[in-house]
Each structure stands twice: as C-alpha cells, then as structure tokens.
Amino acid sequence: MRDVIPSVPIEAIGAPALRARRAQQVGGLSRRTLLRRAIGAGFGVVAIEWVAGTLGFAWSAVAGVGAKVRVGTLDDLLLTNPGLPIREGFPAYVLAARAFVVLVDPAKGGWSPGLDAIGEGTALNVRALSQRCPHLGCRPNPCIEDFWFHCPCHQSRYDRLGIKPAGEAYGPAPHGMDRYAIEVDASGALIIDTGTITLGPLPIALGQPGVIPPRVQGGCV
Ligand code: FES
C-alpha cells in the first residue's frame, strides 16, 4: 500500500500579512549584505597594503638620514665593490648613507682632501648623490653599459653625476639627483653628511656642457 501523505492546511494570507512577512529579517545573510561585506573586505585589504607600503617607503627614505657616514678611502670603496669600474667614473652604492658615490673626473685618479658643504664635488673630485629619485622617490640604478642612472619606476634617466637631461624622453623628474655635503679628511677618507642636502640642478639639454653623454645608446632600457 502507498503511504498516505497527510494534507497540510492552507492558510489564507491577506495583503497586509504578506507585506509584514516581506519586511521580516530573513535568516542568514542576504545577497546585498554579502556583497557589501565583500566590498568592505576588499577595501580593507587595499588599505592595509597602502599603509604597509607607505610605512616601508618612509622607512627606506629616512633610515640612516641625518647621520655622518664614513665611507673610507677610494681604495676601501674599490675593495668592497670588486669588479665595478669605479675608477672610470661608475657610481658606487653606499648602503649606510643611502647614497651613490662617484668620481667627478676619473682622469684625476682620486679624491682631494677638503670640505664641500653643497656637495657639488668638483674641488674634492667626488660627489655623493641621494638614492631618492627627484620624481617620486624610487631608487635609480647605475647601468654598467652606459654609466647612466635609470629609474625603474617611471624611466627618468640621469648621467653618471646625477644630471637630468632635458626633455620628456628622459623621464618626468623635474631636476637632477640631490647631493649630500661631503668631506675628504687628511687620510683620504670620505665622510657623507646625510643631514645636509642640496637639490639637484635643473635639467640640461643633452649635447650642452654639463651633461655627460651615455657611453652607448640604448643601454639598460
Ligand atoms: S620615481 Fe623615478 S621616475 Fe618616477
């Protein structure tokens, strides 16, 4: 014999009762609530990443800044950067100063003792450049092929002494790389004063005196 399904009494619902039932909170999460929460969580993740990135950038920008950093002699710098053509004018990175150190005129062979409060570098034959790109603060890297700095963020380029060539083709940075005050003591040791900085000069047209052409075209694009 087949089971008999008991009949369910049908309840008559009027329009007011229907409206009241629709207005009742549905158990669990509605699609709208779920969507709102998902969007909120997405914004939360983005906000956390933004804060972490900002803190990381700020830390890299200020860490070590303000101190006097003793780099040592040119020979010391060569020893810690074996294989790099620093004597030929290639920039050497000094992490403790967040700076690049570069011979101004390689033909002179070395640094000269003295003080340089604006970091221009000609008298001491050495220049210390801040690692912060004047555009938005990324770190340009020197290219072994053309001896220029190339910023990886928005492609600003600078010659090996931090001069920005004029023109959009050389990126959006408004001026050359900033310079630290320096001293070369009687023993020939270089000291970088990271608390004293001078803004880099305005861009100079390539081909004019003051900007060094790249050694090769198209290096480290
Ligand atoms: S941060 Fe260097 S070009 Fe934008």
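Bear in mind the structure is a predicted one, so any value in this text is a computation, not a measurement. (Residues numbered from 1 in each chain as written. Predicted model: local features only at pLDDT ≥ 70, side-chain atom pairs only at ≥ 80, totals over all residues. Heavy atoms only, no water.)

Undergrad: Would you mind going over the state of the cysteines with me for this structure?
TA: Here, disulfide denotes a covalent bond that connects the sulfur atoms of two cysteines. Overall, the coordinates contain two disulfides when judged by the stated rule. Note that Cys138 is cross-linked by a disulfide to Cys153, the S-S spacing being 1.9 Å. On the sign convention where negative means left-handed, the S-S torsion of about -90° between Cys138 and Cys153 marks this disulfide as left-handed. Here Cys138, found in the loop between strand S5 (126–130) and strand S6 (141–142), pairs with Cys153, found in the loop between strand S7 (149–150) and strand S8 (157–158); they are 15 residues apart in sequence, far enough to count as distant. You can call Cys153 partly exposed: its relative accessible area is 34%. Between the sulfur of Cys143 and that of Cys220 lies a disulfide, 2.0 Å long from S to S. With the S-S bond torsion at 80°, the cross-link from Cys143 to Cys220 turns out right-handed. (Disulfide = S-S within 2.5 Å. Helix = DSSP H or I, 4+ residues; strand = E, 2+ residues; numbered from the N terminus. Buried < 20%, exposed > 50% of the residue type's maximum accessible area, 1.4 Å probe, protein only.)

Undergrad: Before we go on, may I ask you to explain the environment of Arg157 in this structure?
TA: Here Arg157 lies in strand S8. Through-space distance from the C-alpha of Arg157 to that of Pro142 is 9.5 Å; in sequence the pair is 15 residues apart. Residue contacts for Arg157: discarding those within four places in its chain leaves Trp148, Phe149, His150, Ile163, Lys164, Pro165, Ala169 and Tyr170. (Contact = heavy atoms within 4.5 Å.)

Undergrad: How do you make sense of the sheet that holds S7 when you look at a structure like this?
TA: Sheets are built from strands paired through backbone hydrogen bonds, the pairs being either parallel or antiparallel. One open sheet holds the three strands; their spatial order is S6-S7-S8, and the pairing between them is antiparallel. On the outer flanks of this sheet lie S6 and S8, each paired with one strand and no other. Bridging between S6 and S7 involves two bridges; their strand directions are antiparallel. Considered in S7, the bridge of Asn141 is made with His150. (Pairing = 2+ DSSP bridges.)

Undergrad: In this structure, what is going on with the packing of aromatic side chains? I would like to understand it.
TA: In this description, a pair of aromatic rings is defined by centroid distance and the angle of the planes. Tallied over the full model, the rule gives four aromatic pairs. An aromatic cluster is present here, built from Tyr93, Phe100 and Phe149 joined pairwise through their rings. Seen from the ring of Tyr93, Arg139 lies directly overhead, with NZ or CZ sitting 4.3 Å from the centre. Geometry around Phe147 places Arg215 over its ring, the cationic atom sitting 3.7 Å from the centre. (Phe/Tyr/Trp six-rings, centres within 6.5 Å; stacked < 30°, edge-to-face > 60°. Lys NZ or Arg CZ within 6 Å of the ring centre and 35° of its normal.)

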